[in-house]
Amino acid sequence: MDHDRYLTTKEAAALLRYSPRSLEQLRITGGGPPFCKLGDGPRARVLYRLSDLRAWMETRLRSSTTDHAMRGH
């Protein structure tokens, strides 16, 4: 199923229109989309589930620049 497809950091960053480095930084600081880390250490493979990326984007919908996240999304 497409919604269960996993993307690399580069693919996920392109979908979100972030740089891969920005997405990596969100993994370190928190607040980014959920991810799956396969293995241990700094060279472990990281993947993002497409459905999680879409859900994370939905939580950031706004109706103005001063609004908090829209309710019900």
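Nothing here was measured: the structure is a model prediction, and the numbers come from that model.

Peer 1: How should the overall build of the chain be read in this particular structure?
Peer 2: What the chain contains, in helices and strands, is three helices and three strands. Listed by position from the N terminus, the elements making up the chain come as β-α-α-β-β-α. Residues counted as buried form 21% of the 73 residues belonging to the chain. Sequence-distant contacts, at least 24 apart, represent 45% of the contacts inside the chain between residues at least 6 apart. Roughly 5500 Å² of accessible area belongs to the chain as shown, and the carbon and sulfur atoms make up 52% of that amount.

Peer 1: Whenever I open this one, the side chain of Thr-9 confuses me. Can you help?
Peer 2: Structurally, Thr-9 can be placed in helix α1 (residues 9-16). A relative accessible area of 12% places Thr-9 in the buried class. Beyond its immediate stretch of four places on either side in the chain, Thr-9 contacts Pro-20, Leu-23, Glu-24, Arg-27, Val-46 and Tyr-48.

Peer 1: I'm lost on the environment of Gly-32 in this one. Help?
Peer 2: The residue Gly-32 is located in the loop between α2 (20-29) and β2 (36-38) in this model. Owing to a relative accessible area of 23%, Gly-32 belongs among the partly exposed residues under this scheme. Through-space distance from the C-alpha of Gly-32 to that of Met-57 is 9.7 Å; in sequence the pair is 25 residues apart.

Peer 1: I'm lost on the nonpolar core in this one. Help?
Peer 2: Nonpolar side chains tend toward joint burial in soluble globular proteins. With 10 residues, the main nonpolar core is built from Leu-7, Ala-12, Ala-13, Leu-16, Leu-23, Val-46, Tyr-48, Leu-50, Leu-53 and Trp-56. Listing elements by their share of this core, those giving two or more residues are α1, β3 (45-49) and α3 (50-58).

Peer 1: Honestly, the pairing of β3 in this entry has me stumped. Any pointers?
Peer 2: The side chains of a regular strand alternate between both faces of the sheet. Pairing analysis gives three bridges linking strand β1 (residues 6-8) to β3, with the strands arranged antiparallel. Bridge pairing in β3 places Leu-7 opposite Tyr-48. Pairing of β2 with β3, which is carried by three bridges, proceeds in the antiparallel orientation. Bridging across to β3, Lys-37 finds its partner in Val-46.

Peer 1: I would appreciate a short explanation of α3 in the present structure.
Peer 2: Residues spaced three or four apart along an α-helix face the same direction, because each turn holds 3.6 residues. For α3, the complete set of buried residues consists of Leu-50, Asp-52, Leu-53 and Trp-56. Viewed along the axis of α3, the buried residues span an arc of 165°, placing them on a single side of the element. Turning to α3, the residues buried within the fold contact β1, α1, α2 and β3.

What counts, and where the lines are drawn
- Residues numbered from 1 in each chain as written.
- Predicted model: local features only at pLDDT ≥ 70, side-chain atom pairs only at ≥ 80, totals over all residues.
- Heavy atoms only, no water.
- Helix = DSSP H or I, 4+ residues; strand = E, 2+ residues; numbered from the N terminus.
- Buried < 20%, exposed > 50% of the residue type's maximum accessible area, 1.4 Å probe, protein only.
- Contact = heavy atoms within 4.5 Å.
- Areas by Shrake-Rupley, 256 points an atom, 1.4 Å probe, with all protein chains shown as cover.
- Core = buried A, V, L, I, M, F, W, Y, C linked by side-chain atoms within 4.5 Å.
- Pairing = 2+ DSSP bridges.
- Arc of directions from axis to C-beta.

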